[in-house]
Amino acid sequence: MTPVSAQTPAEKTAFAILIMISVCHLLNDMMQTLLSAIYPLLQSNYGLSFAQIGIITLTFQGTASILQPMIGFYIDRNPRPYSLAMGMGLTLSGLVLFSQAGSYSVLLLAAALVGTGSSVFHPESSRVARMASGGRHGLAQSLFQVGGNAGSAIGPLLAALIVLRHGQTSLAWFSLAAMLSIYLLIQVGHWYKKHGLMRLQSRAATTATQTALPRGKVALTLAVLLALMFSKFFYMASMSSYYIFYLIDRFHLPVQSAQLHLFVFFGAVAFGTVAGGPIGDRFGRKVVIWVSILGVLPFTLALPYANLFWTGVLSVPIGVILASAFPAIVVYAQELLPARVGTVAGMSFGFAFGMGGIGAAVLGHLADLTSLAYVYHLCSFLPVIGLLAIFLPHLETESRRRMRAVTVRPL
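Residues numbered from 1 in each chain as written. Predicted model: local features only at pLDDT ≥ 70, side-chain atom pairs only at ≥ 80, totals over all residues. Heavy atoms only, no water.

Trainee: An account of the packing of aromatic side chains is needed here, citing residue identities and associated values.
Mentor: Aromatic ring pairs are described here by two measures, namely the spacing of the ring centres and the angle between the planes. Counting across every chain of the model gives nine aromatic pairs. On the numbers, 5.6 Å between centres and 55° between planes, the contact of Phe265 with Phe266 is tilted. Phe265 sits in the buried class, given a relative accessible area of 0%. Using a relative accessible area of 7% as the deciding quantity, one classes Phe266 as buried. Centroid distance Phe309 to Trp310: 5.3 Å. Interplanar angle 80°. Geometry classified as edge-to-face. Classification of Phe309 by relative accessible area gives exposed; the value is 57%. Three or more aromatic residues joined by ring pairs form one cluster here, namely Tyr243, Phe265 and Phe266. Here Lys232 stacks its cationic end above the ring of Phe233, 4.9 Å away from the centre of that ring. (Phe/Tyr/Trp six-rings, centres within 6.5 Å; stacked < 30°, edge-to-face > 60°. Buried < 20%, exposed > 50% of the residue type's maximum accessible area, 1.4 Å probe, protein only. Lys NZ or Arg CZ within 6 Å of the ring centre and 35° of its normal.)

What follows is the structure, encoded as structure tokens:
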């Protein structure tokens, strides 16, 4: 008896493409996270309230939220291999404008440009990751998303080491990262044009026969996924936008020390993202979604009562467990609608950005009215929404069955 390969050579995972798209995701999200990491600097330079800071986040993430589903819907019908490089050009423009902004309105315009660049990058790059997956969709999504999480972790560190020392204008130095990303994305575009579409269309045709559900069931499942994403990204907004302020306000940390704590949290998020996809390939997306959203509840409930040491400790499992959900959710939704990969990616990332933006604005306004301590007490209950995962159907696909069994043939 000899094992049969589960994939033909043409279908094998294109790791070079996955690495390039992950590196570009790292650079993209590093530049974006720089902006939130320098909020204390912007607050000082422009005399901003927490609500105004939240509106900056809402402008960036709201722009991305509105445009991403539309762009995903468009690219499903009209693929554009080099759109990723063009989107990164918009991010570059917004970053340079941010470095030179002389007023609050210009800050909002720069945030809108960065958001527009993200609206192109995220759905299309998620689509490319699926093209290059060779059937290992969870692994591909994790590799793609961990680049973004790593960039989010590096952003606050670079802000502490560079931007806070040299001022707002030093943001322009990071245009070199955007230019490197544009170069890599042009190379990805060449591969996309030559190989990618054929792979994606073949996979979608095969998977569509395996995951067909009634429309009502699909609609209910999508509603549950959106509710789960709401709980995840509203809580993440409290950490990404206000964790620095919380540490400064409650424990009287200097800004640079608080940013190092944020770096640790984002590092935990990166680790969780790496784990979520492959575990979903092996044991199923639904298992990962259950554990990652509901399993974080004990840690979020304990965080508002912890001292400085335990706050830092608790932020690690919160980041790891919560982050493992998103790759599983994205792939689960793509398996639910395999012919709408770009639309699903755009909807998922768009909703994530939208909830992050709305969460930042709402929580910032609430912090102005009450306190950051009250905000963290309130947000600690958000993972309870994870109980809705009980309504998710079990989706068994061929790629996951290959992970569980070895096909054999007689000599």
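This is not the end of the story, as more comes after the structure.
Trainee: Kindly report on the pattern of salt bridges, identifying the contributing residues and their values.
Mentor: Inspection of the entire model under this criterion finds one salt bridge. Arg127 is the salt-bridge partner of Glu124, the closest N and O atoms lying 3.8 Å from each other. Of this pair, Glu124 and Arg127 both sit in helix 5 (residues 104-131), separated by three residues, roughly a single helical turn. Since its relative accessible area comes to 4%, Arg127 is described here as buried. (Salt bridge = Lys/Arg side-chain N within 4 Å of Asp/Glu carboxyl O. Helix = DSSP H or I, 4+ residues; strand = E, 2+ residues; numbered from the N terminus.)

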